[in-house]
Amino acid sequence: MILARSLVVSLAALVLLPCVEVVQGAWIDARCSACRAVAYELNARLEAEKPRNAIDMRHRLDKNGTRYGKLIDWQGSELRVIELLDSLCDRMKKYELAAEHPEAHDTQRWALSAGLASSSKSSAQETKQQRKQLENYCHDLLERHEEALSQALRNGEVTAETGSDWLCLTTARQCDKTLEAEEAERAAWDVAQGAEAEPAGGVEAPAAPVQLEGTEEL
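Residues numbered from 1 in each chain as written. Predicted model: local features only at pLDDT ≥ 70, side-chain atom pairs only at ≥ 80, totals over all residues. Heavy atoms only, no water.

Before going further, it helps to spend a moment on the state of the cysteines. Using the criterion set out here, one finds 3 disulfides in the structure. In this model, Cys 35 is linked to Cys 168 through a disulfide, with the two sulfur atoms separated by 2.2 Å. Between Cys 35 and Cys 168, the disulfide has an S-S torsion of -95 degrees and is therefore left-handed. One end of the pair, Cys 35, is in helix H2 (residues 31–48); the other, Cys 168, is in helix H6 (residues 163–171), and 133 residues separate them in sequence. With respect to class, Cys 35 is no different from Cys 168; both count as buried. Between the sulfur of Cys 89 and that of Cys 138 lies a disulfide, 2.1 Å long from S to S. Because the torsion about its S-S bond is -80 degrees, the bridge between Cys 89 and Cys 138 counts as left-handed. Of this pair, Cys 89 sits in the loop between helix H3 (78–85) and strand E5 (95–101) while Cys 138 is found in helix H4 (residues 124–144), placing the two residues 49 residues apart along the sequence. Summarising the burial analysis for this pair, Cys 89 and Cys 138 share the class buried. For the protein, numbering the cysteines in disulfides from first to last along the sequence yields the connectivity 1-6, 2-5, 3-4. (Disulfide = S-S within 2.5 Å. Helix = DSSP H or I, 4+ residues; strand = E, 2+ residues; numbered from the N terminus. Buried < 20%, exposed > 50% of the residue type's maximum accessible area, 1.4 Å probe, protein only.)

Printed below as a string of structure tokens:
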């Protein structure tokens, strides 16, 4: 009887395990922009990459004194992937939650702190907690998709141009629109707000900023 009960408990745990994983991956607020923040930092590293020589693994000598072994292309090497992802989540300390738009306090997104107006910033304690939350999310995201991301980086599927949508839209499914569509929506919203704020008499109002993060965007 005890053995039968243990078997039932074990089977129930196996059935519930996928559900637990889904909940763990969805706990952060504004998860689409959270994923975009991770992708933005990865893309920055991809853009900063410089050409590297192949990794020379020819460390052995044959009977004639000629070295033999493999030459591994840097682009497709595991070492390159490690360098790209190493300490990536530490970069989340630059972000915090803010209103999607200054007048839209009911929606939030993760934004670079340096680009936020002081009125949009949280308290120091809240910001610290938010950054820790985002850092944990980053580690969880990369761990869940480590194998697929590693393969995509090695075969050139993930680049500075494709990385954000590959990770956040296609693979992790944290977003439901392309990055281009999201940016177009924000730009349209800003243009509309600028038109509403135009003063009487035909004098043009100052253009509203398009990017929430100031000069940097996800």
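Now for the pattern of salt bridges. All chains considered together, the criterion is met by 10 salt bridges. Across the pair Glu 41 and Lys 94 runs a salt bridge, and its minimum N-O distance is 3.0 Å. Of the two residues, Glu 41 is situated in helix H2 and Lys 94 in the loop between H3 and E5; the sequence distance between them amounts to 53 residues. Across the salt bridge formed by Arg 144 and Asp 140, the nearest N and O atoms sit 2.7 Å from each other. Taken together, the residues span about one helical turn, with Arg 144 and Asp 140 both in helix H4 at a distance of 4 residues. Note on Arg 144: relative accessible area 35%, which makes it partly exposed. Residues joined by salt bridges that share partners form a network here, namely Arg 36, Asp 165 and Glu 182. (Salt bridge = Lys/Arg side-chain N within 4 Å of Asp/Glu carboxyl O.)

The next subject is the nonpolar core. Counting 34 residues, the largest nonpolar core has Val 38, Tyr 95, Leu 134, Tyr 137, Leu 149, Leu 153 and Leu 167 as the members making the most contacts within it. Contributions of two or more residues to this core are made by H2, H3, E5, strand E6 (104–112), H4, helix H5 (146–154) and H6. Per-element accounting of this core gives the leading share, 8 residues, to H2. Ignoring anything within four residues of it in the chain, the contact list for Val 38 reads Leu 88, Met 92, Tyr 137, Cys 138, Leu 141, Leu 142 and Leu 167. (Core = buried A, V, L, I, M, F, W, Y, C linked by side-chain atoms within 4.5 Å. Contact = heavy atoms within 4.5 Å.)

The next point concerns unusual backbone geometry. At Ser 87, a position not held by glycine, the phi torsion is positive, near 60 degrees. Overall, Ser 87 belongs to the partly exposed group, its relative accessible area being 38%. For Arg 173, which is not glycine, the phi torsion reads 55 degrees and is therefore positive. Among the structural elements, Arg 173 can be located in the loop between H6 and helix H7 (179–196).

Turning to H5, a few remarks are in order. Every buried residue of H5 is listed here: Leu 149, Ser 150, Ala 152 and Leu 153. The buried residues of H5 occupy one face: seen down the axis, they fall within an arc of 165 degrees. For H5, the elements touching its buried residues are H2, H3, H4 and H6. A positive phi of about 85 degrees marks Gly 156, the residue just after H5. (Arc of directions from axis to C-beta.)

Closest axis-to-axis distance for the H2/H4 pair is 10 Å, and the angle between their directions is 75 degrees. By the criterion of interaxial angle, the relationship of H2 to H4 is roughly perpendicular. Residues Arg 31, Ala 34, Cys 35 and Val 38 of H2 form the contact with H4, whose own contacting residues are Leu 134, Tyr 137, Cys 138, Leu 141 and Leu 142. Residue composition of the contact of H2 with H4, grouped by class: 8 nonpolar, no polar and 1 charged. (Axes fitted to C-alpha atoms, helices over the stretch in contact; angles between N-to-C directions. Parallel < 35°, antiparallel > 145°, perpendicular 65-115°, else oblique. Nonpolar A, V, L, I, M, F, W, Y, C, P; charged D, E, K, R; others polar.)

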